[in-house]
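# Topology and contacts: notes
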Amino acid sequence: MADSKNILSEVKQGILYLTINRESKLNALNFATLTELREIFDEVSDNREIKAVIITGSGDKAFIAGADISEIAELNELNARKFAENGQEIFSMIENCHKPVIAVVNGFALGGGCELAMACHMRIAVAQAKFGQPEVNLGIIPGYGGTQRLTYLIGRGKANELMMTGDMIGADEARSLGLVNHVLPTKEDAMAKAEEIIRKIMSKAPLAIGMVIDCVNAVFVSDEDGYQTEANSFARCVKSGDYKEGTSAFLEKRKPVFKGE
């Protein structure tokens with residue numbers, strides 16, 4: 001996968017490493033970067049070489065410090081709705097990707113950066129990371145799904161407090177609230193933890209991993225019966241070669257070799 005203008009990409013041992021590469025702008029998400037994210041995740045789904053994704057930001061200061069304010073300042077009511085819907089679509093692609101996506105939050109994750117991190121399946125932060133949805137300071141609200149995902153992750157009361165005050169929280173508080181899975185001292189440590197988790201996931205049945213993602217996401221879809229989604233997904237797993245391999249390997253007391261089929 002070739003680098004885009006604003007996103008560095010590299011595939012190593014089945015893991016796609018994505019680095020938002022606008023360090024001079026604290027990796028702020030502009031329209032071009034969002035378009036590149038869409039194009040990348042369009043490819044991720046069908047690329048059999050890619051088994052998982054890690055997203056981080058360039059430098060040590062910021063994961064993503066928000067959206068590009070110079071672009072936001074030019075919005076009107078009509079294109080603002082399209083602006084929000086476009087971001088929501090892209091982040092939904094990440095959230096619904098059948099391959100695990102982990103955000104390594106290496107600094108400020110504010111506004112659209114916090115929203116992107118929340119769209120990932122897991123978040124691992126460095127100790128100095130800061131999270132927040134400070135959009136009210138600009139006279140707006142989160143537009144890329146932040147009002148929904150933050151509430152799901154940390155609960156109504158605390159989500160209201162953070163979005164109404166625009167306050168930031170540190171990595172340890174984010175972990176205590178359930179926003180972050182792990183906190184590590186450095187970016188190198190955080191990347192190593194993400195790789196450790198992904199390698200463990202990659203040893204499991206890929207189809208089953210995708211079904212777990214579907215079922216967990218179904219919890220938050222108001223018109224979907226998550227229990228029925230679970231039953232349907234369970235049945236799909238039982239039709240797979242991975243199911244036959246997994247059960248046979250267990251009975252034969254050997255390690256399974258899953259093919260994602």
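Counting restarts for each chain, with residues numbered from 1 along the sequence as it is written. Reporting of local features is limited, given that this is a predicted model, to residues whose pLDDT is at least 70; pairs of side-chain atoms are given and counted only at 80 or more, and all residues count toward the totals for whole chains, interfaces and linings. To get the side-chain values, all heavy atoms of the structure are used, and hydrogens and water are removed first.

Attention now moves to the pairing of strand β2 (residues 15-20). Within β2, six of the six residues are buried, leaving the element largely enclosed by the surrounding structure. Both faces of β2 are covered, namely the face carrying I15, Y17 and T19 and the face carrying L16, L18 and I20. Both β2 and strand β3 (residues 52-57) contribute to a ladder of six bridges, which runs parallel. Its bridge partner being in β3, T19 is matched across the sheet by T56. In this fold, the crossover linking β2 to β3 by way of helix α1 (residues 31-46) has right-handed handedness. Burial classes: relative accessible area under 20% of the type maximum marks a residue as buried, over 50% as exposed, and values in between as partly exposed (1.4 Å probe, protein chains only). Helix and strand assignments come from DSSP, with helices taken as H or I runs of at least 4 residues and strands as E runs of at least 2, each series counted from the N terminus. Any two strands with at least two DSSP bridges between them are considered paired. When the strands point away from the viewer, a crossover counts as right-handed if the path from the first strand over the helix to the second runs clockwise.

This part is about the sheet that holds strand β8 (residues 130-132). If you trace the four strands from one edge of the open sheet to the other, you get β4-β6-β8-β9, paired in mixed fashion. If you trace the sheet from one side to the other, it starts and ends with β4 (62-64) and β9 (168-170), each paired once. Between one strand axis and the next, the sheet turns by 20° as a mean value, whatever way the strands run. Direction of pairing for β4 relative to strand β6 (residues 108-110): parallel, over a ladder of two bridges. Each bridged residue has a counterpart across the sheet, and for I64 the counterpart in β6 is A109. Helix axes are fitted to C-alpha atoms over the stretch in contact, other axes to C-alpha atoms as well, and angles between N-to-C directions run from 0 to 180 degrees.

This paragraph deals with helix α8 (residues 187-202). Spanning 16 residues, α8 covers 22 Å between terminal C-alpha atoms, matching the ideal 22 Å at 1.5 Å per step. For α8, every residue scored as buried is listed here: A190, M191, A194, E195, I197, I198 and I201. Viewed end-on, α8 has its buried residues packed into an arc of 165°, placing them on one side of the element. Exposed and facing more than 90 degrees away from the buried side of α8 are E188 and K200. Check the buried side of α8 and you find it contacts β2, β3, β5 (101-105), β7 (122-126), β10 (182-184) and α9 (206-218). Expected span of a helix: the number of residues minus one, times 1.5 Å. The reported arc concerns the directions from the helix axis to the C-beta atoms and nothing else. When checking whether two residues touch, look at their non-hydrogen atoms; a contact exists if any pair is within 4.5 Å.

This part covers helix α5 (residues 146-154). Those residues of α5 lying buried are G146, R149, L150 and I154. Here the buried residues of α5 occupy an arc of 105° about the axis, which is enough to place them on one side. For α5, the secondary structure elements touched by its buried residues are α3 (77-95), α4 (112-119), α6 (156-165) and α7 (171-177). Where α5 ends, the next residue or the one after it, G155, has phi of about 95°, a positive value.

With that settled, consider the environment of L8. Position of L8 relative to the elements: it lies in strand β1 (residues 7-12). Taking the relative accessible area as the measure of exposure, L8 reaches 35% and is therefore partly exposed. Sequence separation of L8 and G57 is 49 residues, and the distance between their C-alpha atoms is 9.6 Å.

Another aspect to go through is unusual backbone geometry. The backbone of Q13 sits at a positive phi, close to 50°, despite the residue not being glycine. Note on placement: Q13 falls in the loop between β1 and β2. A positive phi angle, close to 55°, is found at K253, a residue other than glycine. Looking at where K253 falls in the secondary structure, it is placed in the segment after α11 (241-251). Taking the relative accessible area as the measure of exposure, K253 reaches 78% and is therefore exposed.

Attention now moves to the pattern of salt bridges. Just to be clear on terms, a salt bridge is a Lys or Arg side-chain nitrogen sitting within 4 Å of an Asp or Glu carboxyl oxygen. One pass over the full model with this rule turns up ten salt bridges. Here R149 and E95 are joined by a salt bridge, their closest N and O atoms 2.9 Å apart. With R149 in helix α5 and E95 in helix α3, this residue pair connects regions lying 54 residues apart in the sequence. Linking E196 and K193 is a salt bridge whose minimum nitrogen-to-oxygen distance equals 3.6 Å. Of this pair, E196 and K193 both sit in helix α8, three residues apart, which is roughly one turn of the helix.

We describe a pair of aromatic rings using the distance from one ring centre to the other and the angle between the two ring planes. Geometry of aromatic contacts follows a simple scheme: Phe, Tyr and Trp rings, the Trp one being its six-membered ring, pair when their centres are within 6.5 Å, and the pair is stacked under 30 degrees between planes, edge-to-face over 60, tilted otherwise. Taken as a whole and judged by the stated rule, the model has four aromatic pairs. Look at F83 and Y144: their rings are 5.2 Å apart centre to centre, the planes differ by 35°, and that puts the pair in the tilted class. Placement of the pair is F83 in helix α3 and Y144 in the loop between β8 and α5, with a sequence separation of 61 residues. Given a relative accessible area of 16%, F83 falls into the buried group. According to the relative accessible area criterion, Y144 is buried, its value standing at 2%. Pairing Y152 with F220 gives two aromatic rings, centres 4.4 Å apart and planes at 25°, and the pair type is stacked.

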